[in-house]
Amino acid sequence: CALPISVGTPPNSAVADFQRARDLLNRSLSPSNIAAFFNARNRLRVAVSGADIASGKLSDKHLASAYTDKAVAQSMYGDIAAAFKDLDEAGKLDASSARTREVRAEILTRQLKTSEALAEFAIADKLTEGGPISFLTRGHAHFYHGDFVNAARLFDKEIERNAGSR
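### Structural notes on the packing of helix α7 (residues 135–145) against helix α8 (residues 148–162)
Part 1: Contact geometry of α7 with α8 gives a least axis separation of 8 Å together with a crossing angle of 160°. The pairing of α7 with α8 is recorded here as roughly antiparallel in orientation. The crossing of α7 and α8 is left-handed. For the pair α7 and α8, contact is made by Phe 135, Leu 136, Arg 138, Gly 139, His 140, His 142 and Phe 143 and by Phe 148, Asn 150, Ala 151, Leu 154, Phe 155, Lys 157, Glu 158 and Arg 161, respectively.
Part 2: Of the residues in the contact of α7 with α8, the class split is seven nonpolar, four polar and four charged.

### Comments concerning the environment of Ala 105
Part 1: Note on placement: Ala 105 falls in helix α5 (residues 98–110).
Part 2: Distance from Ala 105 to Ala 117, taken between C-alpha atoms, is 4.2 Å for residues 12 residues apart in sequence.
Part 3: Those residues in contact with Ala 105 that lie beyond four places of it in its chain are Ala 117, Glu 120 and Phe 121.

Conventions and cut-offs
Residues numbered from 1 in each chain as written. Predicted model: local features only at pLDDT ≥ 70, side-chain atom pairs only at ≥ 80, totals over all residues. Heavy atoms only, no water. Axes fitted to C-alpha atoms, helices over the stretch in contact; angles between N-to-C directions. Helix = DSSP H or I, 4+ residues; strand = E, 2+ residues; numbered from the N terminus. Parallel < 35°, antiparallel > 145°, perpendicular 65-115°, else oblique. Left-handed = near helix turned anticlockwise from the far one by under 90°. Contact = heavy atoms within 4.5 Å. Nonpolar A, V, L, I, M, F, W, Y, C, P; charged D, E, K, R; others polar.

Following this line, the structure appears as structure tokens:
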């Protein structure tokens, strides 16, 4: 989900950092990224509607992943309480899942609970080998937290990572 791009005016000393971060944010929300989001959303809706994840026929890791996928879909449809409930279940089943932490942080970012989101991203980073799953979502959290320098740095990394796929 795209986050609101208008935020309060930053202090004069941070205006340039804010503008650079905002511009990079807008560049990172390319039509191909937006199309990919909607395609993923539709795949999740189909997968979640047909999934019987409580049947117990999956390993704990796979069951945790299914709960995390379900939480993503629920958050996209606005059922945040159910999404957090499923993320709690996923965390109980697989406490080492960086993706579950990433999803929780993304939802918190969309709620503009940026301090909590940044804490979740920090935990996810400790659990992830090979770097963050998404620089873009971390950039959103920093942007809405008012940390425009780090937001711009992360948006730059996301654009660099995706440069070859356009």
